[in-house]
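# Structure at a glance
Spelled out from the first residue to the last, the chains are:
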Amino acid sequence: MSNDPTHQFLVNKIVPIEIGGIDFSFTNASLFMVATVGAAAGFLYLTTSQRGLIPTRLQSVSEMSYEFIASMLREGAGSGGMKFFPMVFSLFMFILTANLLGMFPYFFTITSQIIVTFALALFVIGTVLFYGFYKHGFGFLKLFVPHGVPGVLLPLVVSIEIISFLSRPISLSVRLFANMLAGHITLKVFAGFVTSLSALGALGIGGAILPLIMTVAITGLEFLVCFLQAYVFAVLTCMYLNDAVHPGSH
Amino acid sequence: MFVTAAYAQQSTTTEGAEAHDAAAAGEVHTETGVAHEGEAGSGVFPPFDSTHFASQLLWLAITFGLFYLLMSKVIIPRIGGILETRHDRIAQDLDEASRLKGEADAAIASYEQELATAKAKGHQIADGAREAAKSKAVADRNAVEADLSKKIAAAEDRIADIKTKALADVGAIAEETATAVVKQLIGGTVTKAEIVAAVKASAGN
């Protein structure tokens, strides 16, 4: 295995597919997308197949995820936002599962690919824009005009609002991508210290204890980050959807 | 390389060792070659490598779309159903419990009322009995007292009667006794008149 910390992010073709001169190969990233969907859907499907009135432990995990997202969406976007529940739930479960799968050694982390997180962020913002204009027409543009701002300041405030709206897909995608990428690189670098130090003999093995402890600690931290980033993505999705449901309310 | 070479020398045939060595060298070569190719081919940090963007987008769309469909058509209705069933069941159980509690409360109230009635009745009976017993006791006592006082009066009458009779007899007895005493002492007879006088004189003392 290469000691290059970015090697783990390399995309390799597994089944080369080319349509109209564009490369649509089934890659290791595609494989782990399929694995993510399989793991998440399989877990949710199998744990709820009993439909127990009194849930088993795993069934209550599925139910807790459901209720967690449902209450998050209801608090973030009100009861009018509940029609987006399947979307937010799918996003949260997909990102969480992808992040957690990435924690396995030698597994590919699809959320460490900027294009993947950017596509998910665009999906969210696209939904907000589409639903906002569909539901409120040009009234959706009230989103950019806050209440109670004096007329002189209005052009400035509106341009700030528009810039902040446009930066949302970037911040949403870069936050997730950068967290996963940085975490995995850090893990790889510290784990690399352990192997390269322990190759130096007895003193090196003694010195390798510190990066080993760091690696273990960072692994724990990374599990937290995996959950936290999925949570943050879902919370921000709820907030943005709130703008689509109630454009003039902020 | 060193380890591989050492391992290879332990191998039985030299040909095998050579093959191993060659394979190890080739492996190292290809690996560095891949790394070089990766960096030279795209010249960018792997996550920003745009050559695979189209394939990533396509497969993300396929997989996430499938996931979304599975979630919205199968999983979410199912979990929602489970939660709703449980919610309904809990609400039903709570209703049943509150109904039973109402029944129990009514039973307790009627029991309390009956108890109060019975207590009042018991008090009434006890009071009546006590009053009756008291009046009867008073009447009995009065009757006994009246009887006793009657008897006491009769006894007192008799005592007085006997007393007067006895007192009347005292003089005669004294006279007889005195006559007998005198006769015994002096042998003579004393007239009755003298004895009576003497008795009277001593009685007068």
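Residues numbered from 1 in each chain as written. Chains lettered and ligands numbered in written order. Predicted model: local features only at pLDDT ≥ 70, side-chain atom pairs only at ≥ 80, totals over all residues. Heavy atoms only, no water.

Convention followed: UniProt positions are given in the numbering used here, feature names are shortened, and annotations may be inferred rather than shown by experiment.
Chain B carries the name ATP synthase subunit b in an unreviewed UniProt entry, which gives Ensifer adhaerens as its organism. Under the UniProt heading Sequence similarities (unreviewed entry), the entry covering chain B gives this text: "Belongs to the ATPase B chain family."

Within an unreviewed UniProt entry, the label attached to chain A reads ATP synthase subunit a, and the organism entered is Ensifer adhaerens. Taken directly from UniProt, the Sequence similarities (unreviewed entry) text for chain A runs: "Belongs to the ATPase A chain family." Under the heading Function (unreviewed entry), UniProt records this for chain A: "Key component of the proton channel; it plays a direct role in the translocation of protons across the membrane."

### Here we look at the overall build of chain A
Defined as follows: In this text, helices come from DSSP runs of H or I with a minimum length of four residues, and strands from runs of E with a minimum of two, each type numbered from the N-terminal end. The buried label applies to any residue whose accessible area, calculated with a 1.4 Å probe on protein chains only, is under 20% of its type's maximum; exposed applies above 50%, and partly exposed to all values in between. Whether two residues are in contact is decided by their heavy atoms: any pair within 4.5 Å suffices. Surface exposure here means Shrake-Rupley accessible area, sampled with a 1.4 Å probe, where a residue is shielded only by the protein chains that are shown.
Scanning chain A from N- to C-terminus turns up seven helices and four strands. Traced from its N-terminal end to its C-terminal end, chain A shows the element sequence β-β-β-β-α-α-α-α-α-α-α. The burial tally for chain A puts 46% of its 250 residues in the buried class. Taking all contacts inside chain A whose residues are at least 6 apart in sequence as the whole, residues at least 24 apart take part in 68%. When the accessible surface of chain A is summed, it comes to about 12200 Å², and 73% of that surface belongs to carbon and sulfur atoms.

### Section: the pattern of salt bridges
Using the following cut-off: We count a salt bridge whenever a side-chain nitrogen from Lys or Arg sits within 4 Å of a carboxyl oxygen from Asp or Glu.
Applying the stated criterion across every chain yields a total of 10 salt bridges over all chains. A salt bridge links Asp-243 of chain A to Arg-168 of chain A, with the nearest nitrogen and oxygen atoms 2.9 Å apart. Here Asp-243 of chain A is found in helix α7 (residues 209–245), whereas its partner Arg-168 of chain A is found in helix α5 (residues 154–198), with 75 residues between them in sequence. Residue class for Arg-168 of chain A comes out buried when judged on its relative accessible area of 15%. Between Arg-89 of chain B and Asp-93 of chain B there is a salt bridge, and its shortest N-O distance comes to 3.6 Å. Pair noted here: Arg-89 of chain B and Asp-93 of chain B are both in helix α3 (residues 53–186), with a separation of four residues, about one helical turn.

### Re helix α3 (residues 85–102) of chain A
Condition: Multiplying 1.5 Å by the helix residue count minus one yields the expected span of that helix.
In this model, α3 of chain A (18 residues) spans 25 Å end to end at C-alpha, consistent with the 26 Å of a helix rising 1.5 Å per residue. The buried fraction of α3 of chain A is high, at 17 of 18 residues.

### Brief notes about the packing of aromatic side chains
All names here are of chain A. Stated precisely, the cut-off is as follows: Two rings from Phe, Tyr or Trp (for Trp, the six-membered ring) form a pair when their centres sit within 6.5 Å of each other. Planes less than 30 degrees apart are called stacked, planes more than 60 degrees apart edge-to-face, and all others tilted.
With the rule as written, the count across this model stands at 21 aromatic pairs over all chains. Ring plane angle 55° and centroid distance 5.7 Å describe the contact between Phe-68 and Phe-92, whose orientation is recorded as tilted. Here Phe-92 lies in helix α3 and Phe-68 lies in helix α2 (residues 57–77), a separation of 24 residues in the sequence. Judged by its relative accessible area of 3%, Phe-92 is buried.

### Side note on the UniProt feature "coiled-coil region" (unreviewed entry) in chain B
According to UniProt, the "coiled-coil region" (unreviewed entry) feature falls on residues 94–121 of chain B. Annotation note: span residues 94–121 of chain B, helix share 100%, strand share 0%, distance between end C-alpha atoms 40 Å.

### A look at the UniProt feature "transmembrane region" (unreviewed entry) in chain A
Residue and element names in this part refer to chain A. Per the UniProt record, the feature "transmembrane region" (unreviewed entry) sits at residues 29–47, 84–108, 114–134, 143–167, 187–214 and 221–242. Secondary structure across residues 84–108 comprises 72% helix and 0% strand; the distance between its end C-alpha atoms is 29 Å. For the annotated span residues 187–214, helix accounts for 86% and strand for 0% of the residues, and the straight-line distance between the end C-alpha atoms is 9 Å.

### Some words on the interface of chain A and chain B
Cut-off, in case you're wondering: Once two parts are put together, the accessible area they lose, assessed with a 1.4 Å probe and summed over both, is termed the buried area. Under this definition, polar contacts are N or O atom pairs within 3.5 Å; protein pairs additionally need one hydrogen-donor-capable and one acceptor-capable atom, and for neighbouring residues in sequence, both atoms have to be side-chain atoms. In this count, Pro and Cys sit with the nonpolar residues alongside Ala, Val, Leu, Ile, Met, Phe, Trp and Tyr, while Asp, Glu, Lys and Arg are called charged and the others, Gly among them, polar.
With 54 residues of chain A at the interface, the matching set in chain B holds 34 residues. At the boundary of chain A with chain B, total buried surface from both sides reaches about 4000 Å², with 77% on carbon and sulfur atoms. Considering only the side of chain A, the residues that lose the most area to chain B are Leu-53, Tyr-66 and Ile-115 of chain A, jointly responsible for 15% of the buried surface there. Taken together, the connections running from chain A to chain B amount to 11 residue pairs in polar contact (both at pLDDT 80 or more). In terms of residues, the side of chain A that touches chain B owes the most to one element, helix α1 (residues 28–47) of chain A, which gives nine residues. Across the side of chain A that touches chain B, the residue classes break down as 35 nonpolar, 13 polar and six charged.

### Observations concerning the environment of Glu-67 of chain A
The residue Glu-67 of chain A is located in helix α2 in this model. On a C-alpha basis, the gap between Glu-67 of chain A and Phe-89 of chain A in space is 9.9 Å, while along the polypeptide they are 22 residues apart.

### Let's talk about the UniProt feature "transmembrane region" (unreviewed entry) in chain B
Per the UniProt entry, the sites bearing "transmembrane region" (unreviewed entry) are residues 57–76 of chain B in this numbering. When the span residues 57–76 of chain B is considered, its composition is 100% helix and 0% strand, and the gap between its end C-alpha atoms is 25 Å.

### Section: the side chain of Ser-55 of chain B
Following the sequence through the fold, Ser-55 of chain B ends up in helix α3. Within the structure, Ser-55 of chain B has its side chain in polar contact with the backbone oxygen of Ser-25 of chain A (distance 3.0 Å). Residue contacts for Ser-55 of chain B: discarding those within four places in its chain leaves Asp-23, Phe-24, Ser-25, Thr-27 and Ser-30 of chain A.

### Here we look at the packing of α3 of chain A against helix α4 (residues 114–136) of chain A
Residue and element names in this part refer to chain A. Our working definition: Axes here mean lines fitted to C-alpha atoms, for a helix over just the part in contact, with angles spanning 0 to 180 degrees between N-to-C directions. Note that the term roughly parallel is reserved for angles under 35 degrees, roughly antiparallel for angles over 145, roughly perpendicular for angles of 65 to 115, and oblique for everything else.
Remark: α3 packs on α4, axes separated minimally by 12 Å, with the N-to-C direction vectors making an angle of 170°. In terms of their interaxial angle, α3 and α4 are classed as roughly antiparallel. From α3, Met-87, Leu-91, Phe-94 and Ile-95 reach across to α4, where they touch Leu-120, Phe-123, Val-124 and Thr-127. Of the residues in the contact of α3 with α4, the class split is seven nonpolar, one polar and no charged.

### Considering the environment of Ala-40 of chain A
Take Ala-40 of chain A: it is sitting in helix α1. The class for Ala-40 of chain A is buried, based on a relative accessible area of 4%. When near neighbours in sequence (up to four residues on either side) are disregarded, Ala-40 of chain A contacts Met-93 and Thr-97 of chain A together with Phe-67 of chain B.

### A look at a nonpolar patch on the surface
Put simply, the test is: The patches reported here contain residues having more than 30% relative accessible area and no salt bridge. Joining distances are 9 Å for like charges and 5 Å for nonpolar side chains (Val, Leu, Ile, Met, Phe, Trp, Tyr).
Nonpolar side chains collect at one region of the surface, where Leu-221, Leu-224, Phe-227, Leu-228 and Tyr-231 of chain A lie side by side and expose about 430 Å² of accessible area between them. Along the chain, Leu-228 of chain A falls in helix α7.

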